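# Per-entry structural report
Next come the chains, spelled out residue by residue.
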Amino acid sequence: MSLTAKVPHFHYVDEINCNALVELKTAFQKNNPYSDVKHTFLPILVKSLSMALTKYPSLNSCFKEDSMEVIFKGSHNIGVAMATPNGLVVPNIKNVQSLSILQVSFQPYVKFFILRSKDHIIPIKC
């Protein structure tokens, strides 16, 4: 039996009111001093996930079977799956816990995918 089958997994679905999120994104775009940055929901959601991992650190942990211990990870390295014509690509944004929403927007992967995802141009190496 693989370790994946032994570790509990969960699935959660809920409905939320996103009016404040829409207003935040609109405010970012309206007060945008950087002409090369298009504000989207992605950096806000990535940073929100990092904040949730800070509040619930057990979600950012792994189980070490040989010593029967839970290892809590300090870094929030968040992958964002993107479907492309050539298959699924999952860029990894490192150390999100130490980045602002604007800094997440400036991450090469995020910026690249926001600009290029509509063109379906995804390089082999980013």
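Word for word, the UniProt comment on the protein under Cofactor (unreviewed entry) is "(R)-lipoate".

## Section: unusual backbone geometry
Located in the positive-phi region is Met68, a residue other than glycine, with phi close to 55°. By the secondary structure assignment, Met68 is in the loop between β1 (61-64) and β2 (69-72). You will see that Asn95, though not glycine, has its phi angle at about 55°, which is positive. With respect to the helices and strands, Asn95 occurs in the loop between β6 (92-93) and α4 (101-106). The partly exposed category is assigned to Asn95, whose relative accessible area is 32%.

## Some words on the pairing of β1
Of the strand pairs in this sheet, β1 and β2 are connected by 4 bridges, and their pairing is antiparallel. Within the sheet, the bridge partner assigned to Ser61 lies in β2 and is Phe72. Joining the antiparallel neighbours β1 and β2 is a turn of 4 residues, in which Met68 adopts a positive phi near 55°.

## Overview of the packing of helix α2 (residues 19-30) against helix α3 (residues 41-55)
Here α2 crosses α3 at 120°, and the two axes come no closer than 10 Å. In terms of orientation, α2 and α3 fall into the oblique class. As α2 runs across α3, the sense of the crossing is right-handed. Facing α2, whose interface residues are Leu21, Val22, Leu24, Lys25 and Phe28, α3 presents Phe41, Ile44 and Leu45. Each residue belonging to the contact of α2 with α3 can be placed in one class, and the counts come to 7 nonpolar, no polar and 1 charged.

## A word on a nonpolar patch on the surface
A contiguous nonpolar surface patch, about 520 Å² in accessible area, is contributed by Phe10, Tyr12, Tyr56 and Leu59. Among the structural elements, Leu59 can be located in the loop between α3 and β1.

Reading guide: rules and limits
Residues numbered from 1 in each chain as written. Predicted model: local features only at pLDDT ≥ 70, side-chain atom pairs only at ≥ 80, totals over all residues. Heavy atoms only, no water. UniProt positions renumbered as here; feature names shortened; annotations may be inferred. Helix = DSSP H or I, 4+ residues; strand = E, 2+ residues; numbered from the N terminus. Buried < 20%, exposed > 50% of the residue type's maximum accessible area, 1.4 Å probe, protein only. Pairing = 2+ DSSP bridges. Axes fitted to C-alpha atoms, helices over the stretch in contact; angles between N-to-C directions. Parallel < 35°, antiparallel > 145°, perpendicular 65-115°, else oblique. Left-handed = near helix turned anticlockwise from the far one by under 90°. Contact = heavy atoms within 4.5 Å. Nonpolar A, V, L, I, M, F, W, Y, C, P; charged D, E, K, R; others polar. Patch = residues over 30% accessible without salt bridge, like charges linked within 9 Å, V, L, I, M, F, W, Y side chains within 5 Å. Areas by Shrake-Rupley, 256 points an atom, 1.4 Å probe, with all protein chains shown as cover. Salt bridge = Lys/Arg side-chain N within 4 Å of Asp/Glu carboxyl O.

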